[in-house]
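# Fold and contact review
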Amino acid sequence: MRAHELTVGRTFGVTFDHGEDFFEALSAFCRDNGVQQGYIPSFIGAFAEAEIVGACEKLADPDAPVWAKTYVTNVEAFGAGTLAHDPATGGTLPHIHVSAGLKAQSADGRTSHLLSAKVQFLSELLIVEVTSPTMTRPRNPDLYDVPLLTFG
């Protein structure tokens, strides 16, 4: 386990508009407001289309992370995540998970890591800036090269 007390800065209410790319809008928000790291305690919204981590085939190694993606359309979404500082670019590395209900399929649900999404109507987010310690996401070569959140 790793833990560190976080010093928080500003808190933002943010809305993304119809047709926006979720991750492009998130990146623009962070850049425009000087947010390098933080967390999203929750967000709600709808996606016209999204890609989330998932596989339909039998996994060769069930203990390994799944890198495949599945495509969904017209979903209502609830999510949360973290924003780590990317020292290579000066930007942020988001890690977002969602639960998404397929509106046309009796709100049948999918829950996983969000890879891409196009906003349908709106997305409403709360974003909390973390001012210290520095949060980064280096890849761990001993654990399938998964990027893991680190502090300091």
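Residues numbered from 1 in each chain as written. Predicted model: local features only at pLDDT ≥ 70, side-chain atom pairs only at ≥ 80, totals over all residues. Heavy atoms only, no water.

### Here we look at the packing of aromatic side chains
Convention followed: Any two of the Phe, Tyr and Trp rings considered here, Trp counted by its six-membered ring, make a pair once their centres fall within 6.5 Å; the pair's planes then place it as stacked at under 30 degrees, edge-to-face at over 60, or tilted in between. Between buried and exposed lies partly exposed: a residue is buried under 20% and exposed over 50% of the maximum accessible area for its type, with that area taken using a 1.4 Å probe on protein chains only.
Under the counting rule described, the total for this entry stands at 5 aromatic pairs. Their ring planes at 85° and their centres at 5.4 Å tell us that Phe22 and Phe23 sit as a pair that is edge-to-face. Residue Phe22 is classed as buried on the basis of its relative accessible area of 0%. An aromatic cluster of at least three residues, connected via ring pairs, comprises Phe16, Phe22, Phe23, Phe43 and Phe47.

### Let's talk about the nonpolar core
Under the convention used in this document: We define the nonpolar core as a collection of buried residues of types Ala, Val, Leu, Ile, Met, Phe, Trp, Tyr and Cys that are connected through side-chain atoms lying within 4.5 Å of one another. A run of DSSP states H or I qualifies as a helix once it reaches four residues; a run of E qualifies as a strand once it reaches two. Both are numbered from the N-terminal end. Contacts were defined at the residue level, with two residues in contact if any of their heavy atoms lie within 4.5 Å.
Ranked by size, the top nonpolar core spans 28 residues in total, and within it Phe22, Leu26, Phe47, Leu114 and Ile127 carry the most contacts. For this core, the secondary-structure elements that each account for two or more residues are strand E1 (7-17), helix H1 (22-33), strand E2 (38-53), strand E3 (69-85), strand E4 (92-102) and strand E5 (108-132). By residue number, the principal contributor to this core is H1, which donates 6 residues. Not counting residues up to four positions away in its chain, the partners in contact with Phe22 are Phe16, Phe43, Phe47, Ile96, Leu114, Ala117, Val119, Ser123 and Leu125.

### Observations regarding the side chain of Asp86
Note the threshold: For the charge count, each Lys or Arg is scored as positive and each Asp or Glu as negative, with His and the chain ends excluded. The salt bridge criterion pairs a side-chain nitrogen of Lys or Arg with a carboxyl oxygen of Asp or Glu, the two atoms within 4 Å.
For Asp86, the location among the structural elements is in the loop between E3 and E4. Lacking a salt bridge, the buried Asp86 has Arg137 as its closest oppositely charged neighbour, with an N-O distance of 9.3 Å. Those residues in contact with Asp86, other than ones at most four positions away along the chain, are Gly91, Thr92 and Leu93.

### A short note on the UniProt feature "domain: PPC" (unreviewed entry) in the chain
Operational definition: UniProt positions are given in the numbering used here, feature names are shortened, and annotations may be inferred rather than shown by experiment.
Residues given the UniProt feature "domain: PPC" (unreviewed entry) here are residues 6-152. Counting secondary structure, residues 6-152 comes out at 8% helix and 60% strand; the distance between its end C-alpha atoms is 10 Å.

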